[in-house]
Amino acid sequence: MNKTSSVSVCRIVAVLALSILSIAGVAGLSGCSGDQAAPNSTFVLLDGSKQTTADLKGKVTLVNFWATSCVTCVAEMPKVISTYNKYKSQGYDTLAVAMSYDPPSYVVNYTETRKLPFKVAIDNTGAVAKAWGDVQLTPTTYLVNKRGEIVKQYVGEPDFVALHKLIEKLLAET
């Protein structure tokens, strides 16, 4: 392959990658001008109480869209729990948002049997996933800073070592 062909292939791959990211909803939430405010949402927690996006302010929060039928979600959950336990005393929180297609009884059973230590919401109408960039792929995870701004989005399992470094950086901010 010559240099011109190689450059063309790289451009095609870059365009495809951007297209995939756009389909995944990244384009709707990321911008070149810095962090974007987390969308206004109301999360209905398993106990029936409600939490809003405004309630996230003041803490570094991981908002994790997941499903009990998602193999990657289930595989990453012990690391999500471990991350929560590691940083919760430092102003870190986790909010797991079950997708609308996930039967509530499955979500409750999973939450109870795995003893999830953080808040779990059920997005039974799909409105929360829609507001957060039309989330359709799970897991999709957002890291929100203390000001309520989305700092990072992950589609698929995050690199937890890098995630921990970012959490530590955000926790150190005033």
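Conventions we followed
- Residues numbered from 1 in each chain as written.
- Predicted model: local features only at pLDDT ≥ 70, side-chain atom pairs only at ≥ 80, totals over all residues.
- Heavy atoms only, no water.
- Helix = DSSP H or I, 4+ residues; strand = E, 2+ residues; numbered from the N terminus.
- Expected span 1.5 Å × (residues − 1).
- Bend = angle between axes of the 7 residues up to and from the residue.
- Buried < 20%, exposed > 50% of the residue type's maximum accessible area, 1.4 Å probe, protein only.
- Contact = heavy atoms within 4.5 Å.
- Arc of directions from axis to C-beta.
- Pairing = 2+ DSSP bridges.
- Axes fitted to C-alpha atoms, helices over the stretch in contact; angles between N-to-C directions.
- Disulfide = S-S within 2.5 Å.

(A) Up close: helix 3 (residues 71-87). Here helix 3 is 17 residues long and its end C-alpha atoms lie 25 Å apart, about the 24 Å a rise of 1.5 Å per residue gives. Along helix 3, the sharpest kink reaches roughly 40°, centred on Met77 and followed within four residues by the proline Pro78. Of all the residues in helix 3, the buried ones are Cys73, Glu76, Met77, Val80, Ile81, Thr83, Tyr84 and Tyr87. Contact partners of the buried residues in helix 3: strand 4 (60-66), strand 5 (92-98), helix 4 (104-113), strand 7 (140-144) and helix 6 (160-172).

(B) Summary view of helix 4. Among the residues of helix 4, those classed as buried are Val107, Tyr110 and Thr111. Looking down the long axis of helix 4, one finds its buried residues gathered within 95° of arc, a one-sided arrangement. Packing partners of the buried residues in helix 4 comprise strand 4, helix 3, strand 5 and strand 6 (119-122). Taken from the residues just after helix 4, Lys115 is the one with a positive phi, measuring 50°.

(C) Quick look at the sheet that holds strand 8 (residues 149-155). Pairing in this open sheet of six strands is mixed, and the strands run 1-8-7-4-5-6 from one edge to the other. The sheet terminates laterally at strand 1 (36-37) and strand 6, the two strands that pair on one side only. With two bridges joining them, strand 1 and strand 8 adopt antiparallel strand pairing. Residue Gln36 lies in a different strand from strand 8, and its bridge partner there is Ile150. Helix-sheet contacts for helix 4 involve strand 4, strand 5 and strand 6, and the interaxial angle to strand 6 is about 170°. Sitting on the sheet, helix 6 touches strand 4, strand 5, strand 7 and strand 8, and the angle it makes with strand 8 is about 175°.

(D) Examining the state of the cysteines more closely. Within this structure, the stated rule accounts for one disulfide. Across a sulfur-sulfur distance of 2.4 Å, Cys70 and Cys73 are joined as a disulfide pair. Between Cys70 and Cys73, the disulfide has an S-S torsion of 80° and is therefore right-handed. Of the residues examined, Cys70 reaches a relative accessible area of 10% and is grouped as buried. Under the relative-accessibility criterion, Cys73 is labelled buried at 0%.

(E) Representation of unusual backbone geometry in the model. Each neighbour pair has its own omega, and for Thr138 with Pro139 the value is -5°, a cis peptide bond. Mapped onto the secondary structure, Pro139 falls in the loop between helix 5 (127-131) and strand 7. A positive phi angle is found at Lys115, which is not glycine, with a value near 50°. With respect to the helices and strands, Lys115 occurs in the loop between helix 4 and strand 6. The backbone of Asp134 shows a phi angle near 55°, a positive value even though the residue is not glycine. Along the polypeptide, Asp134 turns up in the loop between helix 5 and strand 7.

None of this, on its own, says anything about what the molecule does.
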